[in-house]
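# Coordinate inspection notes
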Amino acid sequence: MNRLSRPVETPNSTTEWDDPVPANSDWNWDIPVCAPHEVEGQIRSALLARPDMHFTSLVVRRTDDGVCLQGVMQVADEVPDIAAIIRRVSGVETVHNQLLIQVVDAQIV
């Protein structure tokens, strides 16, 4: 045992320094852990796959409380409810929609 992996005494247990999550911790194991940028990728793919929307640019960023969308979306008719689409895809609760909407001729979209 080296100097960095010596046990740490706490009132209820002994924990190694290099133990990422001690067994007696309050860590909630039911929280889904996603790979970095997995949620952003799922959202981006879902939006780009929709035939009723066209993006000239799209950036999806994760924030502390949800996701933020930035870019330019072209639509021919009415603007779809982006937040509802994202919530169905990813389970994200908060959507900061900073998309610029450009209404174009239906033949362009």
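Treat the numbers as computed from the prediction; the structure is a model and nothing was measured. Throughout, residues of each chain are indexed from 1 in the direction in which the sequence is written. Owing to the predicted nature of the model, reporting of local features is limited to residues with pLDDT of at least 70; listing and counting of side-chain atom pairs is limited to 80 or more, with chain, interface and lining totals taken over all residues. Hydrogen atoms and water are omitted, and side-chain values are computed over all heavy atoms in the structure.

This paragraph deals with helix H2 (residues 82–90). Categorising residues by exposure relies on relative accessible area from a 1.4 Å probe, with only protein chains included: less than 20% of the type maximum marks a residue as buried, more than 50% marks it as exposed, and the intermediate range marks it as partly exposed. Under the scheme used here, helices are H or I runs from DSSP no shorter than 4 residues and strands are E runs no shorter than 2 residues, and both carry numbers assigned from the N terminus. Turning to H2, its buried residues are Ile82, Ala83, Ile85 and Ile86. For H2, the angular spread of the buried residues around the axis is 160°, confining them to a single face. Contact definition: two residues touch when any of their heavy atoms are within 4.5 Å. The secondary structure elements touched by the buried residues of H2 are helix H1 (38–48), strand S4 (66–75) and strand S5 (94–103). Of the residues flanking the end of H2, it is glycine 91, one or two places downstream, whose phi is positive at about 80°. Directions drawn from the helix axis to the C-beta atoms are what define this arc.

This brings us to the pairing of S5. As paired strands, S4 and S5 are joined by 10 bridges and run parallel to one another. Counterpart to cysteine 68 in the pairing with S5 is histidine 96. Throughout, right-handed denotes a crossover for which the path from the first strand over the helix to the second runs clockwise when the strands point away from the viewer. Read as a crossover between parallel neighbours, the route from S4 over H2 to S5 is right-handed. Two strands are said to pair when DSSP picks up at least two bridges between them.

Glancing now at the pattern of salt bridges. Note on definitions: salt bridges are taken to be side-chain nitrogens of Lys or Arg within 4 Å of carboxyl oxygens of Asp or Glu. One pass over the structure, following the stated rule, counts two salt bridges. We note a salt bridge from glutamate 40 to arginine 62, for which the minimum N-O separation is 3.3 Å. One end of the pair, glutamate 40, is in helix H1; the other, arginine 62, is in strand S3 (residues 54–63), with 22 residues separating them in the sequence. Put simply, arginine 50 and aspartate 52 hold a salt bridge, and the shortest N to O gap is 2.9 Å. A residue is classified by how much of its surface remains accessible, and arginine 50, at 27% relative accessible area, is partly exposed.

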